[in-house]
Structure formats: structure tokens, C-alpha cells
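# A structural walkthrough
Chain residues, written in single-letter form:
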Amino acid sequence: MLSNVMSDRLLAVLPDALRAQALRRLAVHEPVLRKLLAGLYGQQADFDAWLGALMASLGELYAARPAPLRELDAQREAQPEWFLSQRMLGYCAYVQNFGGTLNGVAERIPYLREMGVSYLHLLPFLRAREGENDGGFAVSDFDDVEPALGSNADLVALTTRLREAGISLCSDFILNHVADDHAWALAAKAGDEQARAMFLCYPDREMPDRYERTLGQVFPQVAPGNFTPALGGWVWSTFYPYQWDLNYANPAVFSAMAATLLRLANRGIEVFRLDSTAFLWKREGTNSMNQPEAHQILQALRAIVDIVAPGVLLKAEAIVPTRELPAYLGSADARECHIAYHSSLMAAGWLALSEQGTGVLREVIRNTPTLPPSATWLSYVRCHDDIGWNVLRAEAAADGSDATARLARASRFFAGAEGSYAAGAAFQSTDPNAAHGSNGSAASLAGLERADSEAARALALRRLQLLHGLALSFGALPVLYMGDELAMENDYSYRHRPQHAMDSRWLQRPLFDQARWRARDDAGDSAGQMYQSLLRMVRLRRQHDALAANAPRTLLDDAPDAVLALARGERFVTLMNFSGEPQAYALQGRWTDCMDGSILDGALTLAPYAMHWLERGATA
Ligand code: GLC
């Protein structure tokens, strides 16, 4: 029986009916939470009072959790691996581009179901700063939907309809920073000291200059530096100057953001994409990324979710080198996020296409450790951001190559140089000898936009299918990016919008193309060809539990350099040819090609950019 003050404060506000359940969860997670918070904030004079108030607020949010969500919590607590199934499929879209409004998104549920989607990530839809707002990533009010996209009532209606359709809604939770017109920023500008303490604010350049010595830059061209003149001094702003980093050394920030997350969860959001998690804690003399305290903050949020809303999943967006990634999934003893983007895998897939070789991709896979229980990678081909090359520095240098030169070559390749088929743009870098990121839609990067013959078009589609095949068969939660399923090409209209013109990430943020959508069953159209082949892969994947996120994966090193061969369990192999040349692979024993049912015995020749999913034995 627990009888400490911390638990009592939570229990005191709960109705009797919820107490037994809460006690059970507290028994497991309260000691973890207390230890983490004491480590982070225990030195503060009023720590006990702060902790008590936090627990009382968690209790209130627990009590306010709607019954259908509490039921979901209970189901998922009983089945903690529910999201690792090969039946899970994600889809990611901007509300305004996909459905116009939240209600418009609801109208697209039949389409999502047609694809087999069970998880929908809608990019930021909460009230954002007016004018420039980084595609909604500068939030002015977490408790209100962006008026142009709908209302809080629309959000609840959408989450309800999605849940009925078996689709979990994922929302960004932009916890590293707020917009410079968020209530805290406005109060700080008006001289409120408590509000000022929510930010990292320095009276002069002394500390900013000291930090800058070791900090990187996310947007070196359009937002150089990490500090912005404001509040009579300099405010930490890792991203755009109007996105002010929160001061997580202040416990008031932690408790306010934890309560904010749970209020959103109580509106039916089931997955939170924790934006820019790597940056949550700053330390002089480091790049202020991936600091131990950032992980402790995430672990504390996880413990809170496990107590109040265990049906909710936390997803880490940490675009960091492969070796830093596993920490975001925690371990069996220190649970952190349930899901983490595998940005190295994504970038290495594109690099493999540009090099027509799988060396870096294999190295990434070797550096990808086995997952802790009830956790998964998120695999993807494209997203709303650039393909960041720097996460691959270690793997690109592993064979003795000059990583900078190698990655810069990839960046030039996807910008269309060096005889490439790609139509993309280098992001935030004018220096051809440096690597930053590449922008462009998957189809345009894979060659569809510039294809000038039937043969070139067919090859571009194969490349697109190949990368999707990797995301679907790797062992992860795969997330499709809106438009890629229909092979949508770059959208150049951003160049005419002053608030977007400087940020080429808008190339890959097009309006949903109704004409392509209508052509999705047309075998003579590239949209239809992409869509139908993707649907075939998705359906096949559902039939094979060897493709679940937590099923074992082994890299087979007997494949030629251009071919990635992955065994999934004992009976399933995927072969992917990243080159424009046919490649031979020797098979041991008899296999069935799941794609077309043919029986294979002995050697197999993979056509350019071909992919095969093979099952041991002859089932036909
Ligand atoms: C994340 C988002 C990106 C945004 C940044 C700042 O990296 O994916 O689009 O610019 O955070 O919020």
C-alpha cells in the first residue's frame, strides 16, 4: 500500500471508482517519477510543494479523462505491444493540404481506411503565430485549434470518428519552444518575471557567445545563430527567431507542459510527436543536444502518461546521429518514448540510391540495436522536413571515406547535379562542399518529374516503390507522407508566397491532388501505378507477422554491394536492388516470391531497383 504524500495528492482528487486502478499504476510508476523529478528539480527550495501541486493537477486530469479513452487505456495496458503489429500503418499530412480543415480530414477517413491506415499524424493544427510560423511549429496557444482549421469541438469530433475507424490521431507536441506571441512570451514582454523565467534570457552577449562556441545551427541561412534580441537582452531560439526555447531547468515549465499534453490527450489525441526532443536541455561546452536531462524529462513525461493515460504513445522526433537514437526509446528499466523516428535509415535509403550501393545503409542497420520491449522505430521515405545528411556522418566515414565530401555529393545529386535524375533542392547550404539537407517530394527526388521517356518513368516509380518497400519491411511503424502514395511531384508555388519563399521545405508540402487521387486505380497513370503497388505491399505486409516491428531482423552480408538483403525471422527475406543494373543473388533452398507467387530455386536476378519479398518453402 502506498501512503506517500505524492500519491495522496493525486488520489485525493480522484473519484472512488478510479482509485484502485490509480493505486496500481502509482505503485509501478510513482517511484520512477519521483526519482526523475527529484534529480531534475530537487534542489529547488519549494520542490515538495511544487511536486504536490503537480500531482494534484495530474489527479484532476486523470479524473477528467473521458470514459472511452479510459477504456482504451485499459485495453492497451493489457496489450502493451499493440502498436508493433505489421497491421499498423501511418499516414502524415498537413490538415490544410489534405482536408482543408479538421472536418475536411474527417471526410477522408474512407480513403485512409482503403489504404489500411491505423495512425494519422496531422502536422501542427493548434493556434499558431500570425504571419510566419514555420508551418504551425510556432504555437501561440496549445489549448486552441488554429481557427482557420476548426475548433476544439471539431478536434474532439475528429478524434472520435477516427477512433471508431480504428485510427489513432497523432499530434505534434512542440515542447521545446513556443511562439513569441504565446501568452508566456507576451507576459514576459510586459515585464512579468515569472513568465520571463519560462525562457532562457540573457542580459547581454556574454553567455550567448559562450554557448555559441559549441552550438550547431538548424537553419544557418534563414535563421543564423541560436539567440534573438528580445526582452531587453537575448532569448534562446534554436530555430526561427520567433520560436523561443522553453527553460526546462524551471520546474514550472515542466509541470505546465505536462498538464498541456494531458489536456490534449483528453481531447482524444492518442500519439504525441514530441518535436525537437534533442534540444530540451542546454549545457555550456556542448552542442546542447541529447543531454542526459533531456532524457530524464522525457522519461518523467512517460511516467506521467503511464499513470494518467497509458493508452497514449510518445514519439520522439530527434534527428540525431544513429548512436544517439536508441536512448530515446529508453530501456526496460527506464522507459522513455514508445516510438522514435529512424532518420538515419531514411537518409541512408536515399543515399543508397544516389550511390547505387548499400554500404552506408548496411552500416546504419548494423548500428541499429535490438529494441527494448514495447518500443519501435518509425520508418519513412519522406516527411515535411528536409533529408538531413549529417546524421549519417559516422556511417559515411566507416569505410574510410571523407564523410563531408560523400554527403555533399548526395546533396548535389538530389539537387539534380552530376547527371542525376532527381529534381530537388539543397537546403540551407550554398556551399557545394558541405552537406546539410535535401528537399523535394519523393517522386521528384526519385526521378519522376524529370523522366522524359516511358523507361525513365518506370525506373523512377521503381525507386519510389523500393524505398517504400524498405520502410514497410524493415521492422518499424511505417508512416507514409501525404502525396507519396500517388507519386505527387514538387510544388513550386511556395516561391510566390513571401512567408515561405526562403524555406525550400515547402517543395514537399503540396496540396492534395484530387486528379491523381481519382486516377489511383488507373494502371496507365503513374499515380495509379504507385498507389496500386503500394497497396499490394501494404496488404502483403499485413499477412506476414515476420514483418512486425518486433520480429527479428538480420542483415545478410552475402549480397552484392548494390543489394540490401534482410532476413526477417527464419522464413522471410527481403531483397532490394539499389542500382540501375541487374544483380544476381544466390538463394539457398526453395522460396516463394510473395509478390507474384512464383517459386524460386537457386539464383535470382534482381532487375534494376527491384524488390522481392521471399518466404521460405513453396506455398503455391
Ligand atoms: C521539427 C519539425 C520542423 C520544425 C522544427 C522546429 O524539426 O519537424 O518542421 O521546423 O521542429 O519546430
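All figures in this text were calculated on a predicted structure; none of them were measured in a lab.

## Here we look at the overall build of the protein
In terms of helices and strands, the protein carries 21 helices and 24 strands. Taken over C-alpha atoms, the radius of gyration comes to 24 Å for the protein, in line with the 25 Å a tight globule of 620 residues would show. Projected onto its principal axes, the C-alpha coordinates of the protein cover approximately 70 × 55 × 45 Å. Going through the 620 residues of the protein one by one, you find that 61% of them count as buried.

## Things to note about the sheet that holds strand S22 (residues 583–593)
Strand order across the open sheet formed by six strands is S19-S20-S21-S24-S22-S23, with antiparallel pairing between neighbours. Only two strands of the sheet have a single neighbouring strand rather than two, namely strand S19 (553–555) and strand S23 (599–606). On average, each strand axis in the sheet is inclined to that of its neighbour by 25 degrees, with strand direction left out of account. Sheet topology note: the S22/strand S24 (residues 611–616) ladder contains three bridges and is antiparallel. Across the sheet, the residue bridging to Asp593 is Leu614, located in S24.

## Overview of the domain arrangement of the protein
Domain parsing of the protein yields domain 1 (177–245) and domain 2 (553–616). Put simply, the middle of domain 1 and the middle of domain 2, counted by C-alpha atoms, are 52 Å apart.

## Observations concerning the site of the ligand
The immediate surroundings of the ligand are formed by 13 residues, with Asp134, Arg273, Asp275, His384 and Asp385 found nearest. Here an oxygen atom of the ligand and a side-chain polar atom of Asp134 are 2.6 Å apart. Between the ligand and Asp275, the relevant distance is 2.9 Å, taken from an oxygen atom to a side-chain nitrogen or oxygen of the residue. If the ligand stood free it would expose 310 Å²; the protein chains cover 95% of that surface. Looking at the shell around the ligand residue by residue, the class counts come to three nonpolar, four polar and six charged.

## A few points about the pattern of salt bridges
The tally for this structure, following the rule as stated, stands at 34 salt bridges. Between Glu107 and Arg161 there is a salt bridge; the shortest N-O distance is 3.7 Å. Linking Glu107 in helix H6 (residues 102–107) with Arg161 in helix H8 (residues 152–164), this pair joins segments that are 54 residues apart in sequence. Residues Arg406 and Asp399 are paired through a salt bridge, measuring 3.3 Å at the closest nitrogen-oxygen approach. Accessibility expressed as a relative area gives 54% for Asp399, which makes it exposed. Beyond isolated ion pairs, a larger network of salt bridges with shared partners links Asp134, Asp385, Asp503, Arg505 and Arg509.

The rules behind the values
Residues numbered from 1 in each chain as written. Predicted model: local features only at pLDDT ≥ 70, side-chain atom pairs only at ≥ 80, totals over all residues. Heavy atoms only, no water. Helix = DSSP H or I, 4+ residues; strand = E, 2+ residues; numbered from the N terminus. Rg over C-alpha atoms; globule rule 2.2 N^0.38 Å. Buried < 20%, exposed > 50% of the residue type's maximum accessible area, 1.4 Å probe, protein only. Pairing = 2+ DSSP bridges. Axes fitted to C-alpha atoms, helices over the stretch in contact; angles between N-to-C directions. Domains from an automatic or database assignment. Near = heavy atom within 4 Å. Polar contact = N/O pair within 3.5 Å; in protein donor to acceptor, adjacent residues only side chain to side chain. Areas by Shrake-Rupley, 256 points an atom, 1.4 Å probe, with all protein chains shown as cover. Nonpolar A, V, L, I, M, F, W, Y, C, P; charged D, E, K, R; others polar. Salt bridge = Lys/Arg side-chain N within 4 Å of Asp/Glu carboxyl O.

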